[in-house]
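Here is what each chain is made of, one letter per residue.
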Amino acid sequence: DAGVTQSPTHLIKTRGQQVTLRCSPKSGHDTVSWYQQALGQGPQFIFQYYEEEERQRGNFPDRFSGHQFPNYSSELNVNALLLGDSALYLCASSSPQGLAGGRSNEQFFGPGTRLTVL
Amino acid sequence: KQEVTQIPAALSVPEGENLVLNCSFTDSAIYNLQWFRQDPGKGLTSLLLIQSSQREQTSGRLNASLDKSSGRSTLYIAASQPGDSATYLCAPLGDYKLSFGAGTTVTVRA
């Protein structure tokens, strides 16, 4: 059973560029969330996609956008990169079944993409 | 906004000692709480999930308690091993999103 996969593993960009990160959810999962983890800090929620729509968004600027495809995989796009965008980007997937319309479901994380902005 | 605090920030113990990791959160309106392990530069591994209606959850040497009304959770690791060295993160689940503290970094000395 494949877990959550992310690509690429590492990425180096320069300020002002744009980047796209990819995530494939765990088999049987249809909900994908993205988190940003700066060095030495806990992950911060960026947004969640369900049924190809953004269902919830954290406190991140519009430079951060996403997409979910019919096969449930997802992309995170960041435009006009800043030095402060350097971080580990984590994708998590969960299943919609369960209590409270899926709100209480366990989330499983991928290995992350390390983005360095120079 | 959910604020999560983990104490202590770092912990170093000799092999065999029991570990106690504390987590507090400010908003008790949560659906569940997950404990994760993170090795340096890696993703998060889910250790335990406690639903908001539960008080305790156990998996092997791990035991987690939850007191939702007081906004506290504790992770106990029995008979620690060097392989337990990692950062441990607790994350209450609010409306679709997990909120994280900075974690507790554990070092188990052989």
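Everything numeric here is computed off the predicted structure, so don't read it as measured data. (Residues numbered from 1 in each chain as written. Chains lettered and ligands numbered in written order. Predicted model: local features only at pLDDT ≥ 70, side-chain atom pairs only at ≥ 80, totals over all residues. Heavy atoms only, no water.)

Enquirer: When you look at the overall build of chain A in this model, what are you seeing that I'm missing?
Expert: Within chain A, the regular secondary structure consists of zero helices and 11 strands. What you see for chain A is a C-alpha radius of gyration of 14 Å, in line with the 13 Å of a compact globule of 118 residues. Taking the principal axes of its C-alpha atoms as reference, chain A extends roughly 45 × 30 × 30 Å. Within chain A, contacts between residues at least 6 apart in sequence are counted, and of these 54% link residues at least 24 apart. As presented, chain A carries roughly 5,600 Å² of accessible surface, and 49% of it is formed by carbon and sulfur atoms. Chain A carries 9 positive and 10 negative side-chain charges, and their two centres are separated by 10 Å. (Helix = DSSP H or I, 4+ residues; strand = E, 2+ residues; numbered from the N terminus. Rg over C-alpha atoms; globule rule 2.2 N^0.38 Å. Contact = heavy atoms within 4.5 Å. Areas by Shrake-Rupley, 256 points an atom, 1.4 Å probe, with all protein chains shown as cover. Lys, Arg positive; Asp, Glu negative; His and termini not counted. Charge placed at Lys NZ, Arg CZ, Asp CG, Glu CD.)

Enquirer: What exactly am I supposed to notice about the sheet that holds strand 10 (residues 104–109) of chain B here?
Expert: Hydrogen bonds between backbone groups are what pair the strands of a sheet, and the pairing can be parallel or antiparallel. All names here are of chain B. Spatially, the five strands line up as an open sheet ordered 2-10-9-4-5, and their pairing is mixed. Edge positions in the sheet fall to strand 2 (10–14) and strand 5 (44–51), since each of these pairs with one other strand and no more. Neighbour-to-neighbour, the strand axes of the sheet open up by a mean angle of 25 degrees, direction not taken into account. Bridge analysis of strand 9 (residues 86–93) against strand 10 gives three bridges, and the strand direction is antiparallel. For Y88, the partnering residue across the bridge sits in strand 10 and is T104. (Pairing = 2+ DSSP bridges. Axes fitted to C-alpha atoms, helices over the stretch in contact; angles between N-to-C directions.)

Enquirer: I'm lost on the environment of I50 of chain B in this one. Help?
Expert: Residue and element names in this part refer to chain B. For I50, the position within the fold is in strand 5. For I50, a relative accessible area of 0% puts it in the buried group. Here the alpha-carbon distance between I50 and A102, two residues 52 residues apart in the chain, equals 20 Å. Leaving out residues up to four positions away in the same chain, I50 has contacts with N32, L33, Q57, A64, S65, L66 and S73. (Buried < 20%, exposed > 50% of the residue type's maximum accessible area, 1.4 Å probe, protein only.)

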